[in-house]
Amino acid sequence: MIFELRERWSRQQSWVRWVLAVYLIGFLEGFGDHVLVLARGGIHAYAPFRSVPLQVFFVSLVVLDPLAAVLVGLVRRAGVWFAGSVMVMDVCGNCMGNWQGLRDDPAGLWRPDGLLFINLFGLFVVAFLLPLHRAVVGAGEGPR
């Protein structure tokens, strides 16, 4: 398994390895952040978000983020699509959950203490979704 994984990574073009590495770092950082939030606030850490489905989603990111990292780390095209799906939902969820604050101060969407990093990472993931999908498929996974 280790040798097969090493071979899958070595078959990738240099830019693909860099993009996959950024995906891994971003999802593992997100996982760590959600674990810290839950460790501090318990299961109700996301109670300030009034929508229960949003609260459940943000708690579920403790599972979804590392799952995305594992699938991306295995260099699977399903991982690329899963990562894109998780990021689109995450960015949308953060915007919905912070809607009142964003309505009062739209610049908060891009302030470093606001949603800047999650939005930039989300844009990065979505921007590389199709090129990465093509590159991973072209590297031997094949169409299914």
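Residues numbered from 1 in each chain as written. Predicted model: local features only at pLDDT ≥ 70, side-chain atom pairs only at ≥ 80, totals over all residues. Heavy atoms only, no water.

**Here's the deal with the overall build of the chain**
Inference 1: If you tally the helices and strands in the chain, you get seven helices and zero strands.
Inference 2: Start at the N end of the chain and walk to the C end: the helices and strands fall as α-α-α-α-α-α-α.
Inference 3: Put simply, the chain has 144 residues, and 40% of those count as buried.
Inference 4: Taking contacts inside the chain between residues at least 6 apart in sequence as the whole, the part at least 24 apart equals 69%.
Inference 5: Roughly 8,400 Å² of accessible area belongs to the chain as shown, and the carbon and sulfur atoms make up 70% of that amount. (Helix = DSSP H or I, 4+ residues; strand = E, 2+ residues; numbered from the N terminus. Buried < 20%, exposed > 50% of the residue type's maximum accessible area, 1.4 Å probe, protein only. Contact = heavy atoms within 4.5 Å. Areas by Shrake-Rupley, 256 points an atom, 1.4 Å probe, with all protein chains shown as cover.)

**A few points about the nonpolar core**
Inside soluble globular proteins, nonpolar side chains tend to come together where they are buried.
Inference 1: Counting residues in hydrophobic clusters, the biggest one holds 34 residues, and the most contacted among them are Leu20, Tyr23, Phe27, Phe58 and Leu132.
Inference 2: Put simply, the parts of the chain that give this core at least two residues each are α2 (14-41), α3 (52-73), α4 (77-97), α6 (116-127) and α7 (129-141).
Inference 3: In contact with Phe58, not counting residues within four places along its chain, are His34, Tyr46, Phe49, Asp90, Gly93 and Asn94. (Core = buried A, V, L, I, M, F, W, Y, C linked by side-chain atoms within 4.5 Å.)

**A closer look at the layout of surface pockets**
Inference 1: Size it by volume and the largest pocket reaches roughly 450 Å³.
Inference 2: Lining the largest pocket are 21 residues; nearest its centre among them are Glu29, Gly30, Asp33, His34 and Ile118.
Inference 3: Those elements that provide at least two residues to the lining of the largest pocket are α2, α3, α4 and α6.
Inference 4: Ranked by residue count, the leading element in the lining of the largest pocket is α2, at seven residues.
Inference 5: The residue inventory of the lining of the largest pocket, partitioned by class, reads twelve nonpolar, five polar and four charged. (1 Å grid on protein atoms, 1.4 Å probe; cavity = no way out; pocket = protein on both sides within 12 Å on 5 of 7 lines; lining within 4 Å. Points joined across faces, edges and corners; volume = space filled by probe spheres on them. Nonpolar A, V, L, I, M, F, W, Y, C, P; charged D, E, K, R; others polar.)

**Observations regarding the packing of α4 against α6**
Inference 1: As a packed pair, α4 and α6 sit with axes 9 Å apart at the nearest point and diverge in direction by 150°. Judged on the interaxial angle alone, α6 and α4 are roughly antiparallel. As α4 runs across α6, the sense of the crossing is left-handed. Of the residues in α6, those in contact with Ala83, Gly84, Met87, Val88, Asp90, Val91 and Asn94 of α4 are Ile118, Asn119, Phe121, Gly122, Val125 and Val126. (Axes fitted to C-alpha atoms, helices over the stretch in contact; angles between N-to-C directions. Parallel < 35°, antiparallel > 145°, perpendicular 65-115°, else oblique. Left-handed = near helix turned anticlockwise from the far one by under 90°.)

Nothing here speaks to function; it is all geometry.
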